[in-house]
Amino acid sequence: MENNVSLNISIDSSVENIWQILVDEQAFNECFGNLKMTCNEWKVGEVIKFESDKNNQILIDEAIITSIYNNERLRYSYKKENTNHEIEVTFSLKPSGNFTYLTVEGKGFINEFERFHSENTWINMMQAIKKYVQKK
């Protein structure tokens, strides 16, 4: 079983605009609407909380930042609510002219369903980021 996911998208926007969505609560929440993010401080060891409403039930997933380089890379260990299993998630940004390449990588999935679900979620996130920054 392939236990890694690597997705890429080219976005007609600056690295800074895309990075802002990843680390700025207001921009993130505007971009994703049904998903809210909070983080007290963007540094290694800090906790990011992701709050979603699923079937009128609030779910809070958590991630611990393991690596952060402004406008370049954000990596964290992600854990869904009510589980102890962690997935390593990395967002990488690379400028190319007027475009930015956004790569999302994940590894350490517990099974094929979790990998497939995460891959679909990240594809939708990448499309939402592209739509959000290109309309600005």
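Structure's up top.
Residues numbered from 1 in each chain as written. Predicted model: local features only at pLDDT ≥ 70, side-chain atom pairs only at ≥ 80, totals over all residues. Heavy atoms only, no water.

### Regarding the overall build of the chain
The following threshold applies: By the criteria applied, helices consist of DSSP H or I runs no shorter than four residues and strands consist of E runs no shorter than two, each listed in order from the N terminus. With C-alpha atoms as the basis for the radius of gyration, the globule rule is written as 2.2 Å multiplied by the number of residues raised to the power 0.38. For the exposure calls, accessible area comes from a 1.4 Å probe over protein chains only, and a residue counts as buried if that area is under 20% of its type's maximum, exposed if over 50%, partly exposed in between. Computed by Shrake-Rupley with a 1.4 Å probe, the accessible areas treat only the displayed protein chains as cover when residues are assessed. Here Asp and Glu are counted as negative and Lys and Arg as positive; His is not counted, and neither are the chain ends. Throughout, a charge is located at the NZ atom of Lys, the CZ atom of Arg, the CG atom of Asp or the CD atom of Glu.
Broken down by element type, the chain carries 3 helices and 7 strands. Traced from its N-terminal end to its C-terminal end, the chain shows the element sequence β-α-α-β-β-β-β-β-β-α. Its C-alpha radius of gyration of 14 Å places the chain within 12% of the 14 Å reference for a compact globule of 136 residues. With the C-alpha coordinates aligned to their principal axes, the bounding extent of the chain is approximately 40 × 35 × 30 Å. Looking at the chain as a whole, 38% of its 136 residues qualify as buried. Only carbon and sulfur atoms are counted for the fraction: they give 44% of the accessible area of the chain, which is about 8,000 Å². Averaged over its 15 positive side-chain charges, the chain has a centre that lies 3 Å from the centre of its 20 negative ones.

### Some points on helix α2 (residues 25-32)
Threshold: Residues are treated as being in contact if the distance between any of their heavy atoms lies within 4.5 Å. Definition of a polar contact: a pair of N or O atoms within 3.5 Å, with one able to donate and the other able to accept a hydrogen when the atoms are protein atoms, and with sequence-neighbouring residues admitted only if both atoms are side-chain atoms.
Taken together, the buried positions of α2 are occupied by A27, F28, N29, C31 and F32. On the buried face of α2, the contacting elements are α1 (15-23), β2 (35-39), β3 (47-54) and α3 (112-135). Measuring from the backbone nitrogen of Q26 back to the side-chain oxygen at the start of α2 gives 3.2 Å, which picks out D24 as the cap. After α2 finishes, the residue G33 shows a positive phi value of roughly 60°.

### So, the nonpolar core
Worth spelling out the cut-off: Note on terminology: a nonpolar core comprises buried Ala, Val, Leu, Ile, Met, Phe, Trp, Tyr and Cys residues joined through side-chain atoms within 4.5 Å.
Judged by nonpolar contacts, the single largest core of 38 residues is most densely connected at F50, Y76, L102 and I129. With near-sequence residues (within four places) excluded, F50 lies in contact with F28, L35, K36, M37, L59, I60, D61, A63, Y76 and Y78.

### Focus on the pairing of strand β1 (residues 4-11)
Quick reminder of the rule: A strand pair is defined by DSSP finding two or more bridges across the two strands.
Burial along β1 is one-sided: V5, L7, I9 and I11 are buried, while N4, S6, N8 and S10, pointing the other way, are not. With 8 bridges connecting them, β1 and strand β7 (residues 99-107) associate as antiparallel partners. Bridged to V5 within β7 is G106.

### Describing the packing of aromatic side chains
To keep things clear, this is the line we draw: Classification of ring pairs rests on two measures: the distance between centres of Phe, Tyr or Trp rings, Trp counted by its six-membered ring, which must be within 6.5 Å, and the angle between planes, read as stacked under 30 degrees, edge-to-face over 60 and tilted in between.
Counted by the stated rule, this structure contains 7 aromatic pairs. The interplanar angle of 55° and the centroid separation of 5.8 Å between the aromatic rings of F50 and Y78 together place this pair among those described as tilted. A residue pair is termed long-range when its members are at least 10 positions apart, and F50 in strand β3 and Y78 in strand β5 (residues 73-79) qualify at 28 residues. For the pair shown, F50 and Y78 are each scored as buried. Ring centres of Y76 and F91 lie 6.0 Å apart, and the angle between their planes is 45°; this geometry places the pair in the tilted category. In this pair, Y76 sits in strand β5 while F91 sits in strand β6 (residues 87-96), placing the two residues 15 residues apart along the sequence. Comparing Y76 with F91 shows no difference in burial state: the two are buried.

### Some details on the packing of α1 against α2
Threshold: Angles run from 0 to 180 degrees between N-to-C directions of axes, and those axes are lines fitted to C-alpha atoms, restricted for helices to the stretch in contact. Orientation is classified from the angle alone, with under 35 degrees giving roughly parallel, over 145 giving roughly antiparallel, 65 to 115 giving roughly perpendicular, and any other angle giving oblique.
The geometry of α1 relative to α2 is characterised by a closest axis approach of 6 Å and an angle of 90° between their N-to-C directions. Judged by the inter-axis angle, α1 sits roughly perpendicular to α2. The residues of α2 that touch α1, namely those facing Q20, I21 and V23, are E25, A27, F28, C31 and F32.

### Describing the packing of α2 against α3
Any two packed helices are characterised by how steeply their axes cross, that is the angle between the axes, and by the distance between the axes. As a reminder, the rule being used: Each residue gets one label: Ala, Val, Leu, Ile, Met, Phe, Trp, Tyr, Cys and Pro are nonpolar, Asp, Glu, Lys and Arg are charged, and the others, such as Gly, are polar.
Their axes nearest at 9 Å, the elements α2 and α3 cross at an angle of 105°. Between α2 and α3, the angle is such that the two are roughly perpendicular. Here A27, F28, E30, C31 and F32 of α2 lie close against α3, whose contacting residues are M125, A128, I129 and Y132. A breakdown of the residues in the contact of α2 with α3 according to their chemical character gives 8 nonpolar, no polar and 1 charged.

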